[in-house]
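As a plain string of letters, each chain reads:
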Amino acid sequence: MEARVAGVPGDEESGLLPRPSTAGRRQPTAAARRAHPPPPVWATVDGPLGLPLEEAEGHARRFFLWGFACLPFLWAINCCYFWPVLRSPSSSDAFSRIHPYVLRSAVGFTIFSVVLLTWATTFIIGGERLFGPGWNDLVMYNVADKLGISGFMG
């Protein structure tokens, strides 16, 4: 049994707000459709305050390349700043030159994060049981005792 909304024809979707009727309205001509350009596309999260597409490619490339210089958090910044590019399909013409840099930054930061978390988890969970007596040489909290510079504290 189908519920009907009063005043809404049966072929329209029934809902809280009926669709406005287009009867009596003129359809826009092709010239009128061309007069209104599509909404602007922004490559950065700050929209119109951000970079134009021409400059955005240079910034995305620099963030990506500097990420290899032991600054992988620039890859995370690249992904956050160019979030609209990362969310758009790769076939989008507007972002076709920026998308590879941002996508590679996302992959690079993901790999870096996995390696960092694995390394940290190994040291946190393993500790002296995993590394044996060499653990005392690896940890940093007893460096002051080894160098004899902790005597002035107490």
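Residues numbered from 1 in each chain as written. Predicted model: local features only at pLDDT ≥ 70, side-chain atom pairs only at ≥ 80, totals over all residues. Heavy atoms only, no water.

Next up on the list: the UniProt feature "transmembrane region" (unreviewed entry) in the chain. When the UniProt feature table is mapped to this numbering, "transmembrane region" (unreviewed entry) covers residues 63–86 and 106–126. As annotated, residues 63–86 comprises 75% helix and 0% strand, and the C-alpha atoms at either end are separated by 14 Å. End C-alpha to end C-alpha, residues 106–126 measures 29 Å, and it is 100% helix and 0% strand. (UniProt positions renumbered as here; feature names shortened; annotations may be inferred. Helix = DSSP H or I, 4+ residues; strand = E, 2+ residues; numbered from the N terminus.)

As for its placement among the helices and strands, Glu57 is situated in helix α2 (residues 53–67). Ignoring anything within four residues of it in the chain, the contact list for Glu57 reads Arg97, Ile98 and Tyr101. (Contact = heavy atoms within 4.5 Å.)

Time to look at the pattern of salt bridges. Evaluated as defined, the whole model comprises 2 salt bridges. Between Arg61 and Glu57 there is a salt bridge; the shortest N-O distance is 3.7 Å. Taken together, the residues Arg61 and Glu57, both in helix α2 and 4 residues apart, mark about one turn of the helix. In this structure Glu57 comes out as buried when scored by relative accessible area, which is 14%. Linking Arg97 and Glu57 is a salt bridge whose minimum nitrogen-to-oxygen distance equals 2.6 Å. Within this pair, whereas Arg97 is found in the loop between α4 (83–87) and α5 (99–131), its partner Glu57 is found in helix α2, the two being separated by 40 residues in sequence. (Salt bridge = Lys/Arg side-chain N within 4 Å of Asp/Glu carboxyl O. Buried < 20%, exposed > 50% of the residue type's maximum accessible area, 1.4 Å probe, protein only.)

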